[in-house]
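So the chains spell out like this:
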Amino acid sequence: MKKIKVGLVGYGFSGATFHAPFISVLEEFELTKVVSSKKEDVQRDLGDVEVVCSLDEVLKDELIDLVVITTPSGMHYEMAKQSLEAGKHVILEKPMVVETWEAEELIKIAEEKNRVLSVYHNRRWDNDFLTVKKLINEGVLGEINTYQVHFDRYRPEVRNRWRENLGPGSGMLYDLGSHLIDQALSLFGRPQFISADVFAQRENAETDDYFHIILGYDKLRVILHSGSIIPSNGPRFQVHGNKGSFIKYGLDGQEAALKEGKKPTEQTWGTDEPKFYGKLYTVDGEKEVEETIETIPGSYTTYYKKIAESILNGSNAPVTGIEGLSVIKIIEAALKSSEEKKVIYL
């Protein structure tokens, strides 16, 4: 089988934690070059892979098929444009870019060059979301009227890192918000309107660390929420339909496992702790019935498996550039709604 040769751009938290572990264990890929100033870290983790100083050194390598860009969001557009124009397939860490026009131009170039352009919205393969999606698709909950998701953290102190410093693509909405928005759009499609409250709650914060977004559909309201000063979390998912409700606590453990250096080849990868299994509540006559729902195992590996299929076989990317663009449009509308304190109709 032909291996897809990969150039990984950036070896910070995202590159080291969310991309290199999958590229390095999947037989479809061969990690050929890593752009990083952290040569010792790269070679400690990945062995004798070649470490280079610039994207140009990756693009000049005719053997490299796929460029994975994990740099700060403000650098995504220019790097992706260069890579596509050099004839490479591209994966962009989320968010895709900062502004819609950047996404639109990248999509156009990818089409012209007949290259795969995909965005790493890996949390479509979180165990909790996969479970919610299955319940919705099977009609267990009936017609959904309320879908509420929290992605809260307890980080009361502002840290000196690019996501918390003022700059393009920084802040909680572009970071965690892009995940929640992508999940919602993949389930329900484009909303009719958006109402959002986005601001900085923490002392000395330079960029937003709180958001509360409402996506409006006919009879459905999608509520997406994140805060940074949450010492104790409530439910992660609350999904209500006319036949039942599903309540789920806990967060998918793949990120924590990757941070600990565990490999996605482990047999129990992506499984949930039984104490976090969600509860399904349905009504039988006048009686409420409670059922524990075992969580479907999460699998970020699936994203990369599907990328391999799209490159080798021409199938659709697991997350397309157009889907990445849709997220940026919602983010921009949310920022406008918050700034102007009004509902934005799409």
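Our structure is the block above this text.
Here we summarise the structure given alongside this text. Values in this document were obtained by computation on a predicted structure and should not be read as measured data.

1. What about the overall build of the protein chain?
Part 1: Within the protein chain, the regular secondary structure consists of ten helices and 15 strands.
Part 2: Computed over C-alpha atoms, the radius of gyration of the protein chain comes to 20 Å, within 12% of the 20 Å expected from 2.2 N^0.38 for 346 residues, which places it in the range of a compact globule.
Part 3: When the backbone C-alpha atoms are referred to their principal axes, the protein chain occupies close to 65 × 50 × 40 Å.
Part 4: With 346 residues in all, the protein chain has 53% of them scored as buried.
Part 5: Long-range pairs, those at least 24 residues apart, make up 71% of the contacts in the protein chain with a sequence separation of at least 6.
Part 6: When the accessible area of the protein chain is evaluated, it comes to approximately 16,100 Å², of which 47% is carbon and sulfur surface.

2. Digging into the sheet that holds strand β13 (residues 278–284)
Part 1: Pairing is mixed in the open sheet, where nine strands are placed in the order β14-β13-β12-β11-β7-β10-β9-β8-β15. Of all the strands in the sheet, just β14 (287–293) and β15 (344–345) have a single pairing partner and so form its edges.
Part 2: With seven bridges joining them, strand β8 (residues 193–199) and strand β9 (residues 210–216) adopt antiparallel strand pairing. Bridge pairing in β9 places Ser-195 opposite Ile-214.

3. Digging into the side chain of Ser-14
Part 1: As for its placement among the helices and strands, Ser-14 is situated in helix α1 (residues 13–25).
Part 2: Classification of Ser-14 as buried rests on a relative accessible area of 10%.
Part 3: A distance of 2.7 Å separates a polar atom in the side chain of Ser-14 from a polar atom in the side chain of Glu-93.
Part 4: Not counting residues within four places of it along the chain, the set of residues in contact with Ser-14 comprises His-19, Thr-70 and Glu-93.

4. Considerations on a negative patch on the surface
Part 1: Residues Glu-78, Glu-85, Glu-111 and Glu-112 make up a contiguous surface patch of negative charge.
Part 2: By the element assignment, Glu-111 lies in helix α5 (residues 100–113).
Part 3: Judged by its relative accessible area of 58%, Glu-111 falls in the exposed class.

5. What about the pattern of salt bridges?
Part 1: Counting across every chain of the model gives 27 salt bridges.
Part 2: For Glu-164, the salt bridge goes to Arg-161, with nearest N and O atoms at 2.8 Å.
Part 3: The class of Glu-164 is buried, set by a relative accessible area of 7%.
Part 4: In this structure, Arg-202 engages Glu-164 in a salt bridge whose closest nitrogen and oxygen atoms are separated by 2.9 Å.

6. Quick look at the packing of aromatic side chains
Part 1: Taken as a whole and judged by the stated rule, the model has 15 aromatic pairs.
Part 2: What links up through ring pairs into an aromatic cluster is the set Phe-13, Phe-18, Phe-22, Phe-29, Tyr-120, Trp-125, Tyr-300, Tyr-303 and Tyr-304.
Part 3: Between Arg-236 and the ring centre of Phe-151, over which it is positioned, the NZ or CZ distance is 4.6 Å.

7. Regarding the packing of helix α4 (residues 76–85) against α5
Part 1: Following both chains from N to C, one finds α4 and α5 inclined at 10°, their axes separated by 9 Å at the closest point. With respect to α5, the axis of α4 lies roughly parallel. Contacts from Tyr-77, Ala-80, Lys-81, Leu-84 and Glu-85 in α4 reach Trp-101, Glu-102, Glu-105, Leu-106, Ile-109, Ala-110 and Lys-113 in α5.
Part 2: Residues of the contact of α4 with α5, tallied by class, amount to seven nonpolar, no polar and five charged.

8. Points about the pairing of strand β5 (residues 89–93)
Where a strand is regular, its side chains alternate between the two sheet faces.
Part 1: Counting buried residues in β5 gives five out of five residues, a clear majority hidden from the surface.
Part 2: Alternating residues of β5 divide into His-89, Ile-91 and Glu-93 and Val-90 and Leu-92, and every residue in both groups is buried.
Part 3: Two elements, strand β4 (residues 66–69) and β5, share four bridges in a ladder whose sense is parallel. In the sheet register, Ile-69 faces β5, and the bridge partner there is Leu-92.
Part 4: Regarding the hand of the β-α-β motif, the stretch spanning β4, α4 and β5 is right-handed.

9. Describing the packing of α5 against helix α10 (residues 321–340)
Part 1: In contact at an axis separation of 9 Å, α5 and α10 are set at 170° when each is read in the N-to-C sense. In terms of their interaxial angle, α5 and α10 are classed as roughly antiparallel. Residues Thr-100, Ala-103, Glu-104 and Ile-107 of α5 pack against Gly-321, Ile-322, Leu-325, Ile-328, Lys-329 and Glu-332 of α10.
Part 2: Within the contact of α5 with α10, the residues separate by chemical class into five nonpolar, two polar and three charged.

10. Description of the side chain of Ser-337
Part 1: Following the sequence through the fold, Ser-337 ends up in helix α10.
Part 2: In this structure the side chain of Ser-337 is engaged in a polar contact, spanning 2.9 Å, whose partner is the backbone nitrogen of Ala-196.
Part 3: Contact partners of Ser-337, with chain neighbours within four places excluded, come to Ile-194, Ser-195, Ala-196, Lys-342 and Ile-344.

11. Examining the environment of Lys-341
Part 1: Residue placement: Lys-341 occurs in the loop between α10 and β15.
Part 2: Once the C-alpha coordinates of Lys-341 and Ala-196 are considered, the two residues, 145 residues apart in sequence, prove to be 7.9 Å apart.

What counts, and where the lines are drawn
Residues numbered from 1 in each chain as written. Predicted model: local features only at pLDDT ≥ 70, side-chain atom pairs only at ≥ 80, totals over all residues. Heavy atoms only, no water. Helix = DSSP H or I, 4+ residues; strand = E, 2+ residues; numbered from the N terminus. Rg over C-alpha atoms; globule rule 2.2 N^0.38 Å. Buried < 20%, exposed > 50% of the residue type's maximum accessible area, 1.4 Å probe, protein only. Contact = heavy atoms within 4.5 Å. Areas by Shrake-Rupley, 256 points an atom, 1.4 Å probe, with all protein chains shown as cover. Pairing = 2+ DSSP bridges. Polar contact = N/O pair within 3.5 Å; in protein donor to acceptor, adjacent residues only side chain to side chain. Patch = residues over 30% accessible without salt bridge, like charges linked within 9 Å, V, L, I, M, F, W, Y side chains within 5 Å. Salt bridge = Lys/Arg side-chain N within 4 Å of Asp/Glu carboxyl O. Lys, Arg positive; Asp, Glu negative; His and termini not counted. Charge placed at Lys NZ, Arg CZ, Asp CG, Glu CD. Phe/Tyr/Trp six-rings, centres within 6.5 Å; stacked < 30°, edge-to-face > 60°. Lys NZ or Arg CZ within 6 Å of the ring centre and 35° of its normal. Axes fitted to C-alpha atoms, helices over the stretch in contact; angles between N-to-C directions. Parallel < 35°, antiparallel > 145°, perpendicular 65-115°, else oblique. Nonpolar A, V, L, I, M, F, W, Y, C, P; charged D, E, K, R; others polar. Right-handed = clockwise from strand over helix to strand, strands pointing away.

Geometry only, nothing functional implied.
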